Amino acid sequence: MRKTLLATALLAAGLAACASAPATTASGEGATATEAAAMSPADAKFADLSRRWLDGWLALNPVNATQVGDHRFDDRLDQLDAPGRQRIVDFSKAMLGELDAIDVNALSRENQVDAAILRNQLQGDIWNIETYQGWAWDPQVYSGLAGGAIYNLMARDFAPMPQRLKSATARMEQIPALFAQMRANLDPARVPLIHAQTVAKQNDGVIELVDQFIVPNAGQLQGADRARLDAAVANLRKAVAEQQAWLDKTLVPNAKGDFRIGAKLYDQKLQFALMSSLSRAEIKQRAEAEMRRVREEMYGIARQVLQGRAGAPPTPERPSEEQKQKAIEAALDLAYADRPARDQVVDAAKAALAKATDFVRSHDLVGVPDDPVKVILMPEFQRGVAVAYCDSPGPLDKGLDTYFAISPIPDDWTREQTDSFLREYNSRMIELLAIHEAMPGHYLEGAYSARFPSTLRAVLRSGLFAEGWAVYTERMMADAGFDGDDPLFKLVQRKFYLRTIANSLLDQGVHVDGWSREQAMRLMTHDAFQQEREAAGKWVRAQLSSAQLPTYFVGVQEQFDTRKAVQAKLGDKFDLKAYHDQVLSYGAPPVRFVRELMLDEPIR
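As the structure is a prediction and not an experimental result, all values here were calculated from the model.

*Asks:* A description of the overall build of the chain should follow, citing residues and the corresponding values.
*Replies:* Helix and strand content of the chain: 26 helices and 3 strands. The C-alpha radius of gyration computed for the chain amounts to 24 Å, which stays within 12% of the reference 25 Å derived for 604 residues, consistent with globular compactness. Counting only C-alpha atoms, the chain reaches 75 × 60 × 45 Å along its principal axes. In the chain, which comprises 604 residues, the share counted as buried stands at 59%. At a minimum sequence separation of 6, the contacts of the chain that also span at least 24 residues come to 80%. Roughly 23000 Å² of accessible area belongs to the chain as shown, and the carbon and sulfur atoms make up 50% of that amount. Side chains of the chain carry 71 positive and 80 negative charges; the gap between the two charge centres is 2 Å.

In structure tokens, the structure reads:
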């Protein structure tokens, strides 16, 4: 999972912008006088519009600006009261009107892509506030902002510590007002119980961030600055305690909303999230067919690894569905036996990352950047949605660490729950997780994306491209012989891919088709062979989010389709590394644009 730009916290569905650093770009942001003179009138207009939109958006979304790497607004917080929301809507509508006045067909091909991405963003921002209204029913919007306001300042060394501490002081002083906006905006009758309960569990994470990042460094401020910081910390502790009381005594008991967003909102949100030509019905049809195909592949591998093993279930050439299920489960049990100890998951992830990096380099699969990457424990305020994520630095924060974050096993889990988790996240699965989240998945893709000359495209990095690429690399590494062509690795890789397929079915099943927990758990534990703890966590995630889970499947399908089309065009001239480098060179737009650019097709 790629950690989006505060995807659960921001009104604009996790999309951000930045224009504080000049760049020579496809969209013209920061272009030199000579380059600007060479632009067509339409491209010049679009360059100006892009620059003003990027700059204006940051002022409206200061927490997001920090993550992107523009630090002009590090001492501010987003304003989610009615006037603040209206400013976003008015700004977006004005920008959309200007974009409508530009002849898109007169733009360069790269700018046609950026114009389509910007239009989707603007329309999505307006829809999100006026129609979706997460600010009125989703408390994660506020908890994510409160945590991100501090974490984005303190987690990376983009500036001297005293400077960041002063900015953090100013933001801590404003967080109580953010909590007040949350209490005023949320309608408990619309808030789903699972959302209220999750945020109630995460609330103390803000203080954990203060104790982890700020208190140990407070001595670097002196005099009035130190006194102001101490007062802000003390006031924030009080505000968090008061917020906890409101969450526990008011919001949770009165949360009566439906976590299912329904077909109309779901289909609209899906289009904004994916920018794909596939409809919900087409996604379902393709996913169900792919589920059947991959299970057949898994049965073939199971026959191979179970052959001659004492006590193995029968593996006939023409099995019944029950025989197929038992054979795959028995083969997976062989992989589950190799797993780390409860307290060694992070160390196992570090070793897996090093192994995957060495393999990519030695097999020359794709160009590998030197950007630093670290494996860390996931901060508490971000736990409860995913087991792992990749947190890349903003496109303007050059040379800073990428974080491959792992959620620790909760202290209150029983031995049975822990065993279920470690069967799912066995040694081979952790290797796949490192491939997906880091190398050559999200970390590598994020590093390439940050290098793309268009700041607009870099900050509006497509989740569909990012997740599709990460899943694509899982199969690419298996096909290249990672883990010495170990059949159990290939079996676990197929199982990991089944999770991708199941995600797309689960998301619309929950939000549109009204699936029960039992239906969801059967899909995950039976059809996709997930362990109970993994499936239970995904059930929670499916309730807390929508239209993000399909990005994995739709993205990888479009990645596979693009490679197939390019191979067909190039024939014997197709070179895998050159192909990968070119795919990543476009700065992570929605995948259909990559195909159109590579094959010189019209930009739709």
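*Asks:* Which residues make up the sheet that holds strand β2 (residues 388-391), and what values go with them?
*Replies:* Here we have 3 strands laid out as an open sheet, ordered β1-β3-β2, and mixed in their pairing. Of all strands in the sheet, those bounded by a partner on one side alone are β1 (373-377) and β2. When strand polarity is set aside, the average angle formed by the axes of neighbouring strands in this sheet is 20 degrees. Pairing between β2 and strand β3 (residues 402-406): 4 bridges, direction antiparallel. The residue of β3 that forms the bridge with Y389 is A405.

*Asks:* How would you explain the nonpolar core if you had to name every residue and give the values?
*Replies:* If you look at the biggest cluster of nonpolar residues, it comprises 195 residues, and the most contacted ones within it are W53, I150 and I214. When residues of this core are assigned to their parent elements, the largest contribution, 12 residues, is made by helix α21 (residues 487-511).

*Asks:* I'd love a proper account of the packing of helix α24 (residues 550-570) against helix α26 (residues 591-598), names of residues and values included.
*Replies:* Across the interface, α24 lies against α26 with an axial gap of 9 Å and an inter-helix angle of 10 degrees. Accordingly, the angle class assigned to the pair α24 and α26 is roughly parallel. Every residue of α26 that contacts α24 at G555, E558, Q559, D561, T562, A565, V566 and K569 is listed here: V591, R592, R595 and M598. Residues of the contact of α24 with α26, tallied by class, amount to 4 nonpolar, 3 polar and 5 charged.

*Asks:* Could you give me a rundown of the packing of aromatic side chains, with the residues and numbers involved?
*Replies:* Under the definition given, this model contains 14 aromatic pairs. Between F421 and Y425, the aromatic rings sit 4.9 Å apart at their centres with planes inclined by 35 degrees, giving tilted as the arrangement. We classify F421 as buried; its relative accessible area is 7%. Judged by its relative accessible area of 4%, Y425 falls in the buried class. Each ring, one from Y497 and one from F560, has its centre 6.5 Å from the other, and the planes form 85 degrees; the classification is edge-to-face. Highlighted residues: Y497 in helix α21 and F560 in helix α24, separated in sequence by 63 residues.

*Asks:* Report on the pairing of β3, specifying residues and quantitative values.
*Replies:* Each regular strand carries side chains that alternate between the two faces of the sheet. The buried fraction of β3 is high, at 5 of 5 residues. Residues T402, F404 and I406 of β3 are buried on one face, and the alternating residues Y403 and A405, pointing to the opposite face, are buried as well.

*Asks:* Which residues make up the confidence of the model for the chain, and what values do they have?
*Replies:* Mean pLDDT over the chain stands at 92; residues scoring 70 or higher make up 93%. Segment residues 4-26: pLDDT under 50, and 89 contacts once partners within four positions in sequence are set aside and those in other chains are kept.

*Asks:* Can you break down the pattern of salt bridges residue by residue, with the values?
*Replies:* If you walk through the whole model with that rule in mind, you get 45 salt bridges. As a salt-bridge pair, R164 and D157 come within 2.8 Å of each other at their nearest N and O atoms. On the accessibility criterion, D157 (61% relative accessible area) is exposed. Linking R475 and E297 is a salt bridge whose minimum nitrogen-to-oxygen distance equals 3.7 Å. With R475 in helix α20 (residues 463-479) and E297 in helix α13 (residues 280-306), this pair connects stretches of sequence that are 178 residues apart. A relative accessible area of 24% means that E297 is categorised as partly exposed. Linked through salt bridges whose partners overlap, the residues forming this network are E290, R293, E297, R475, D479 and R494.

*Asks:* Requested: an account of the side chain of R457, with residues and values cited.
*Replies:* Along the chain, R457 turns up in helix α19 (residues 455-459). For R457, a relative accessible area of 1% corresponds to the buried category. A polar contact is formed between the side chain of R457 and the side chain of D114, at a distance of 2.8 Å. If near-sequence neighbours (up to four positions away) are discounted, R457 is found in contact with E110, V113, D114, I117, F452, Y586, G587, P589 and L597.

*Asks:* Report on helix α23 (residues 532-544), specifying residues and quantitative values.
*Replies:* Given a rise of 1.5 Å per residue, 13 residues ought to cover 18 Å, and the 18 Å separating the end C-alpha atoms of α23 matches this to within 8%. Among the 13 residues in α23, 10 count as buried, and that is most of the element. All of the buried residues in α23 are R533, E534, A535, A536, K538, W539, R541, A542, Q543 and L544.

*Asks:* Tell me about helix α10 (residues 205-214), and please be specific about residues and values.
*Replies:* Of all 10 residues that make up α10, 7 are buried, and the element is covered over most of its length. For α10, the complete set of buried residues consists of G205, V206, I207, L209, V210, F213 and I214.

*Asks:* Tell me about the packing of α20 against α24, and please be specific about residues and values.
*Replies:* Two elements in contact, α20 and α24, have axes whose closest approach is 7 Å; the angle formed by their N-to-C orientations is 70 degrees. Regarding the angle of α20 to α24, the classification is roughly perpendicular. Here the hand of the crossing between α20 and α24 comes out right-handed. Taken together, the residues of α24 that come into contact with α20 (itself represented by G463, L464, F465, E467, G468, W469, V471, Y472 and R475) are T551, Y552, V554, G555, V556, E558, Q559, F560 and R563. Among the residues making up the contact of α20 with α24, the classes are represented as 9 nonpolar, 5 polar and 4 charged.

*Asks:* Please give an account of unusual backbone geometry that cites residues and values.
*Replies:* Residue P440 follows M439 across a cis peptide bond; omega there is 5 degrees. Along the chain, P440 turns up in the loop between α17 (427-437) and α18 (442-451). If you check the backbone angles, D483 has positive phi at about 65 degrees while not being a glycine.

*Asks:* Report on the environment of D267, specifying residues and quantitative values.
*Replies:* Along the chain, the position of D267 falls in helix α12 (residues 263-274). When the C-alpha positions of D267 and T525 are compared, they lie 27 Å apart, and in sequence the two are 258 residues distant.

*Asks:* Go over the environment of M275 with me, naming the residues and quoting the values.
*Replies:* One can find M275 in the loop between α12 and α13. Taking C-alpha positions, M275 is 8.4 Å from R592, a pair spaced 317 residues apart along the chain. Setting aside anything within four residues of it in sequence, one finds M275 in contact with A116, I117, N120, L270, P590, R592 and F593.

What counts as what
- All chains use their own residue numbering, which begins from 1 and follows the written sequence.
- Selection of residues for local features in this predicted model requires a pLDDT of at least 70, selection of side-chain atom pairs for listing and counting requires 80 or more, and totals for whole chains, interfaces and linings are taken over all residues.
- The side-chain quantities take in all heavy atoms of the structure and omit both hydrogens and water.
- Counting from the N terminus, the helices are DSSP H or I runs at least four residues long and the strands are E runs at least two residues long.
- Radius of gyration: over C-alpha atoms. The globule rule applied is 2.2 Å multiplied by the number of residues raised to the 0.38 power.
- Burial classes follow relative accessibility: with a 1.4 Å probe on protein chains only, a residue under 20% of its type's maximum area counts as buried, one over 50% as exposed, and anything between as partly exposed.
- Two residues form a contact once any of their heavy atoms are found within 4.5 Å.
- All accessible areas in this document rest on Shrake-Rupley with a 1.4 Å probe, and a residue is counted as covered only by the protein chains that are shown.
- In this count, Lys and Arg are taken as positive residues and Asp and Glu as negative ones, while His and the chain termini are left out.
- Lysine's charge is taken at NZ, arginine's at CZ, aspartate's at CG and glutamate's at CD.
- Two strands are counted as paired when DSSP detects at least two bridges linking them.
- Geometry is summarised by axes, namely lines fitted to C-alpha atoms with helices restricted to the contacting stretch, and by angles between N-to-C directions that run from 0 to 180 degrees.
- Within this scheme, the nonpolar core is defined by two criteria: the residues are buried Ala, Val, Leu, Ile, Met, Phe, Trp, Tyr or Cys, and they are joined through side-chain atoms within 4.5 Å.
- Roughly parallel means an angle under 35 degrees; roughly antiparallel, over 145; roughly perpendicular, 65 to 115; everything else is oblique.
- Each residue is assigned to one class: nonpolar for Ala, Val, Leu, Ile, Met, Phe, Trp, Tyr, Cys and Pro, charged for Asp, Glu, Lys and Arg, and polar for all the others, Gly among them.
- Note on aromatic pairs: the rings of Phe, Tyr and Trp (six-membered ring only in Trp) are paired at centre separations within 6.5 Å, and the planes decide the class, stacked below 30 degrees, edge-to-face beyond 60, tilted for the rest.
- Values of pLDDT, ranging from 0 to 100, describe the predictor's confidence in every residue of the model.
- Within this document, salt bridges are pairs made up of a side-chain nitrogen of Lys or Arg and a carboxyl oxygen of Asp or Glu, the two lying within 4 Å of each other.
- As used in this structure description, the phrase polar contact means that two N or O atoms lie within 3.5 Å; if the pair is within protein, one of them must be able to donate a hydrogen and the other to accept it, and residues adjacent in sequence are counted only when both atoms belong to side chains.
- Here the expected span of a helix is defined as 1.5 Å times the quantity of residues minus one.
- Rotating anticlockwise by less than a right angle from the far helix to the near helix defines a left-handed crossing, while the corresponding clockwise rotation defines a right-handed one.

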